Amino acid sequence: MSYRNGHLTKPAFISLAVLTFITFVGNFTQLQLSAALPTIVDEFNITVTTGQWLTSIFQLTMGVMVPLTAFFTRRFSTRQIVIASMVIFTLGSLLAWVGTSFVLVLLGRLLEAIGTGVMWPVLQISVFTIFPLDRRGMAMGTVGMAMSVAPAIGPTLGGLQTDANGWRSIFFTLTVIGVVSLALCIFGLRNLGASDKAAKADFFSVALSIFGFGGLMFGFTNIQAYPFTHPIVWLPMLIGIVGIIWFVLRQSRSSKRFMEGKQSQPALLDLRVLRNASFSMGTAIAAMSFFAFSSIVVLMPLYIQNCRGYSATVSGLVMLPGALGQAISQFFGGKALDRFGARPVALMGTITLFIGTAMMSTVSITSWIWWVSICQFIRQIGMGFVMMPLTTWSLNCLEPDQVSAGSAVTNTVRQIAGAIGAPVLILLMSVIAAAKMETMGATGQGAILANIIGIQWALRISALICLTMVFMVLFGVHGNGAGSAHDVARRAIGRVRHHHAAN
C-alpha cells in the first residue's frame, strides 16, 4: 500500500515527487521558448506562422503521445517509461542546442515533446491509483500547483537567458536539467503498479492520429502563405480529416470487439468513456480552455516585443505574476473541489477567465505595459479554478477501471486543442492585420497598428470562447455538489448497497 493512515509511504512520496518534478520540466520546456520566439523568427528569417511550430509541434506531439500512455502503463514499469522518456528528452535538448538550422531545432523540440508527452498522464494515473476518492482533489491541486510554477518561471527565465546569452542557452539549460532528471529517475523512482509484458499497442492507430491531427494542423498553418485552393493547404487538411474520422471509427470498433471478447487487446484510445456525459462535458471545457490559452502564450510576447519594442526579459516578467497566480489558485481550487464540488469552483473560474481575457483584448499601442500583466494575472487565476478541478471531477465521474482510458482521452483532446488553437488564432490575427495594412500602410507605424488590431480581435475571439465555457459549466455541470468528495463517496456507497441488494 502506498497510502496508509492518511499519509503517503516514504517510497511513494519520493516517487511522486520525482514524477512531479519531471512533469514540471515538461511544462517548463513547453513554455520557456515563448519569450524567445520573436528572436528565433528574426535569426532564421522565417515567418511567425512557421516559428510558432516550435511551440505548436510540442503540443501536437504530446497530444499524439498521450494515447500511447494507457498502453505504456500496461506494458512497461514506471521506471522503464520515465527513464526512456528522459533519455529522449535529453537528446532532443542537445540537438536543439547545437542545431545549425531551424529544421534541426524543430527536430530537437520534437524529441523533447516525445520525451515529456507521457509524463503528465503517468503522474495523473499514479495520483488516482494511490489516493482515496476524498483526497484526490487536494492531491491533484497540489500537483497542479507544482505544474503551474513552470509557466511562471519558464517564459521569465527564457527571456532573461535570451537577452543575456542568446536563445541557444535555453536548450543548454534543458540539456543539463535532462541529465539531472535522468539521475533522479535512476536513483529515486520506484515502480507504481504492475506491468503486463503481453500487452500490445495498435501502432496503425498511432499512425492514423499522426496523419490526422498533424495533417489538419499543417494545412491550417499554410493558409497564411497560400490561398485555400492551393494543394498545400486543402490536401493536408483533407488527409487530416479523413485520418481523424478513420482513427475514431477504428477506436470505436476495437473497443466493441474487446468488450465482446473478439480481440485480446483494448483500443489504443478507449472512446467509450465519452458516453459518460459528465466526463465529456469536463473534457470539452478543458479543451476549449487550452484552445483559448495556447494562443495567448504566442500572441502576448509578439505584442510586447514586436509591437511595443520591449525586450524578451520584460516579456517574461510581464507574464510572471499570472503564472504564479495560477499556481496558487490551482492548489486552492483542488481543495475547494473536495469541499464544494466542481460546479461553483469552475463557474467562478470561467467567469474570471472571461473577464481577464476581455480586459486583455483592450490593449493598444499606448497601453501601460503592466496592464497586460494585470489582465494575465486575472486570466490565470481563472484557469487555476477551471483546469484541475474540472479534470479531477470528470475523472471522478468514471469507474475506477476507466480512469487510465479517461486520462488518455482528456489529455489527448486538450493537447490537440491547444496545438490547433495557436495557429488558428494567430492565422486570424495575421489575416486581420494584413487587411488593415492595406489602409494603414505595410511598414512603420501603420504595420504596428495593424498587428495590434489583429491581436485585439484574436483576443476577442478567445474571450467569446471563455464566455461559452461559462454557460457550459452553468448548464452542463449539474448539482451544487457535483464532483465533490462527498458526492463521489455517496455514489460509491450506493454502488456497494446495490451490489449487496442484488446478492
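Preceding this section is the structure that the text describes.
Scoring rules and cut-offs
Residues numbered from 1 in each chain as written. Predicted model: local features only at pLDDT ≥ 70, side-chain atom pairs only at ≥ 80, totals over all residues. Heavy atoms only, no water. Helix = DSSP H or I, 4+ residues; strand = E, 2+ residues; numbered from the N terminus. Buried < 20%, exposed > 50% of the residue type's maximum accessible area, 1.4 Å probe, protein only. Contact = heavy atoms within 4.5 Å. Areas by Shrake-Rupley, 256 points an atom, 1.4 Å probe, with all protein chains shown as cover. Axes fitted to C-alpha atoms, helices over the stretch in contact; angles between N-to-C directions. Parallel < 35°, antiparallel > 145°, perpendicular 65-115°, else oblique. Nonpolar A, V, L, I, M, F, W, Y, C, P; charged D, E, K, R; others polar. Phe/Tyr/Trp six-rings, centres within 6.5 Å; stacked < 30°, edge-to-face > 60°. Core = buried A, V, L, I, M, F, W, Y, C linked by side-chain atoms within 4.5 Å. Salt bridge = Lys/Arg side-chain N within 4 Å of Asp/Glu carboxyl O. Left-handed = near helix turned anticlockwise from the far one by under 90°. Expected span 1.5 Å × (residues − 1). Bend = angle between axes of the 7 residues up to and from the residue.

Caption draft 1: Region of interest: the overall build of the protein. Along its length, the protein carries 20 helices and two strands. Across the 503 residues of the protein, 56% fall into the buried class. In the protein, of all internal contacts separated by at least 6 residues, the share reaching a separation of at least 24 is 82%. Accessible surface, the protein as shown: approximately 20500 Å² in total, 69% of it carbon and sulfur.

Caption draft 2: Summary view of unusual backbone geometry. The backbone phi angle of N45 is positive, close to 55°, even though this residue is not glycine. Relative to the elements of secondary structure, N45 occurs in the loop between α2 (37-44) and α3 (48-51). On the basis of relative accessible area, N45 is assigned to the exposed category, the value being 71%.

Caption draft 3: Layout of the packing of helix α14 (residues 312-340) against helix α15 (residues 342-360). Interaxial distance between α14 and α15 falls to 7 Å at its minimum, and their mutual angle equals 140°. In terms of axis orientation, α14 runs oblique to α15. Each of G333, A336, L337 and F340 in α14 lies in contact with α15, whose residues at this interface are A342, P344 and V345. Split into classes, the residues belonging to the contact of α14 with α15 amount to six nonpolar, one polar and no charged.

Caption draft 4: Region of the structure containing the packing of aromatic side chains. All chains considered together, the criterion is met by seven aromatic pairs. Their ring planes at 70° and their centres at 5.4 Å tell us that F204 and W246 sit as a pair that is edge-to-face. Taken together, the positions of F204 in helix α11 (residues 203-222) and W246 in helix α12 (residues 231-259) put the pair 42 residues apart, joining distant regions of the chain. Centroid distance F471 to F475: 6.5 Å. Interplanar angle 5°. Geometry classified as stacked. With a gap of four residues between them, F471 and F475 both fall in helix α19 (residues 444-476), about one helical turn apart.

Caption draft 5: How the structure looks around the nonpolar core. Ranked by size, the top nonpolar core spans 119 residues in total, and within it L54, V127, M300, Y303, V372 and L390 carry the most contacts. The element contributing the most residues to this core is helix α13 (residues 277-307), with 17 residues. Ignoring anything within four residues of it in the chain, the contact list for Y303 reads R308, V363, S364, S367, I369, V372, I452 and I455.

Caption draft 6: Structural view of the pattern of salt bridges. Per the counting criterion, the structure on display carries one salt bridge. Of the charged contacts in the structure, one is a salt bridge between E112 and R109, with a shortest N-O distance of 3.4 Å. Placement of the pair is E112 and R109 together in helix α7 (residues 102-116), with a separation of three residues, close to one helical turn.

Caption draft 7: A look at the side chain of S367. Its location among the elements puts S367 in the loop between α15 and α16 (369-384). Of the residues examined, S367 reaches a relative accessible area of 11% and is grouped as buried. For S367, the residues in contact, after removing those within four places along its chain, are Y303, R308 and T362.

Caption draft 8: Layout of the environment of A12. Relative to the assigned elements, A12 resides in helix α1 (residues 10-32). Expressed as a C-alpha distance, the spacing of A12 and L189, which sit 177 residues apart in the sequence, is 8.7 Å.

Caption draft 9: Broad picture of the environment of A433. Tracing the backbone through its elements, the reader meets A433 in helix α18 (residues 403-440). Taking the relative accessible area as the measure of exposure, A433 reaches 2% and is therefore buried.

Caption draft 10: Molecular detail of the packing of helix α6 (residues 78-98) against helix α10 (residues 168-188). It is at 8 Å that the axes of α6 and α10 come closest, and there the two elements cross at 160°. Overall, the two elements α6 and α10 adopt an arrangement that is roughly antiparallel. For the crossing formed where α6 meets α10, the hand is left-handed. Of the residues in α10, those in contact with R79, V82, I83, M86, V87, F89, T90, S93, L94, A96, W97 and V98 of α6 are R168, F171, F172, L174, T175, G178, V179, S181, L182, C185 and I186.

Caption draft 11: Examining α14 more closely. Here α14 contains 29 residues, and its C-alpha end-to-end distance of 41 Å stays within 8% of the 42 Å for a straight helix at 1.5 Å per residue. The largest bend in α14 comes to about 30°, at L320, with the proline P321 one to four residues further on. Residue G341 follows α14 closely and has a positive phi angle near 95°.

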